Amino acid sequence: MKLFRMSWRAGYSVALCGLLLAGPVLAAGQDLPHQAGKIPTAQVALAYETFGAPGRALPLLVVNGGPGLSHAYLLPTDVWRQLAQKRQVIFYDQRGTGASKPVQEGAPQTLAAQVADLEALRQGLNLPQVLLLGDSYGGLLAIAYASAYPQHVAKLILSDAAGSNLHTLVHLFDEVFPETMAAEKQQKQPPVVTQAAAEASMRTHFNLLFYSAAQRDLYFKKLGPIHNVGLEPAVGQAVGEDAGKADFTPKLAGFAFPTLVLTGRYDMNVAPLTAWRLQQAIPGAKIVFFEQSGHFPWFEEPAKYRTVVEQFLDSPAR
């Protein structure tokens, strides 16, 4: 099972998407309430941060991609701040990443453990129900959570999600970027993959995720130096190998909550066919294509992304 072809070549499972920034980018220069905290569990204290104030509107809980990375790669955009004007937006770091460290010695790094952590977070924040958004690998985790705890999911958004079975994930890197992939394959693999090599591979991978070169360059400008990437290869490999054994496809037909599937038309990491299959399998699910986006429509087409998500969240539940 491969999450990232280049990443596995380097000897670790890196995220379907995810980078760690140096600080709370979203909080800078705005008046929205911003809080950070931790939810203690037996195996790890789960770090979270919220934007916007609690209110009558259900909060939006965002599950980032990976596995093996923090949520901070999602933050170089105003989309979440804009959404937080109407409802609280919650991010958290999956166990062993970002500020959700250290993890108790011997604690599992599995998809099931991540689902349990997500439920512990919901309980710790005293949220009877949430609006759940899963990005990239986070889409698989969101599907796994929704399968286990459907009563706590009011609505589900799958944003360039990895799907319900990683083995059906459609990558197009070899077909679209043959020169880059050939160069990667020709490089000698060191006996031990260093952090620097892992970060270099991630940078190469991210170069392939954008529809627009100008948007790609702007993203990297906001990201900062590559050493700001928060990469936990061991976590990514362990969780990725375990997640590869799961298949939630049979569960999709039982999803009774409103579901929105989003995909960049030019996403080479998770081809739109994956999103289409999800929309077809989930009763009543809607799908929106972003015609000028790759894997990150929330960055490349932020105005449309905000409008589509907000309209879906504001619409009456069926």
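Now for a quick tour of the structure. (Residues numbered from 1 in each chain as written. Predicted model: local features only at pLDDT ≥ 70, side-chain atom pairs only at ≥ 80, totals over all residues. Heavy atoms only, no water.)

A few words now on the sheet that holds strand β5 (residues 130-135). The pairing of strands in a sheet happens through backbone hydrogen bonds and is either parallel or antiparallel. Taken in spatial order, the eight strands make up an open sheet running β1-β2-β4-β3-β5-β6-β7-β8, and their pairing is mixed. The open sheet is flanked by β1 (34-40) and β8 (286-290), the only strands paired with a single partner. Mean inter-strand twist for the sheet, computed between neighbouring axes without regard to direction, equals 20 degrees. Bridge analysis of β5 against strand β6 (residues 153-159) gives six bridges, and the strand direction is parallel. Residue Val130 lies in a different strand from β6, and its bridge partner there is Val153. Contacting β3 (60-63), β4 (89-92), β5 and β6, helix α4 (residues 137-148) runs over the sheet at an angle of about 145 degrees to β5. (Pairing = 2+ DSSP bridges. Helix = DSSP H or I, 4+ residues; strand = E, 2+ residues; numbered from the N terminus. Axes fitted to C-alpha atoms, helices over the stretch in contact; angles between N-to-C directions. Contact = heavy atoms within 4.5 Å.)

With that settled, consider helix α3 (residues 111-124). Since one α-helical turn is 3.6 residues long, residues separated by three or four positions face the same way. Here α3 spans 20 Å end to end across 14 residues, near enough to the 20 Å set by a 1.5 Å rise per residue. Those residues of α3 that fall on the buried side of the exposure criterion are Leu111, Ala113, Gln114, Val115, Asp117, Leu118, Glu119, Leu121 and Arg122. Positive phi appears at Asn126, one or two residues downstream of α3, with a value of about 60 degrees. (Expected span 1.5 Å × (residues − 1). Buried < 20%, exposed > 50% of the residue type's maximum accessible area, 1.4 Å probe, protein only.)

With that settled, the discussion passes to the pairing of strand β7 (residues 259-264). Burial of β7 is extensive: six of the six residues sit out of reach of the surface. Burial along β7 is two-sided: the face carrying Thr259, Val261 and Thr263 and the face carrying Leu260, Leu262 and Gly264 are both buried. Where β6 lies against β7, four bridges are found, and the strand directions are parallel. Bridge pairing in β7 links Leu156 to Thr259. By the bridge criterion, five bridges tie β7 to β8 in an arrangement that is parallel.

Attention shifts here to the pattern of salt bridges. This structure, assessed with the given rule, holds 10 salt bridges. Across the pair Asp78 and Arg81 runs a salt bridge, and its minimum N-O distance is 2.8 Å. Of the residues examined, Asp78 reaches a relative accessible area of 36% and is grouped as partly exposed. Among the charged side chains, a network of salt bridges with common partners joins Lys86, Arg87 and Asp314. (Salt bridge = Lys/Arg side-chain N within 4 Å of Asp/Glu carboxyl O.)

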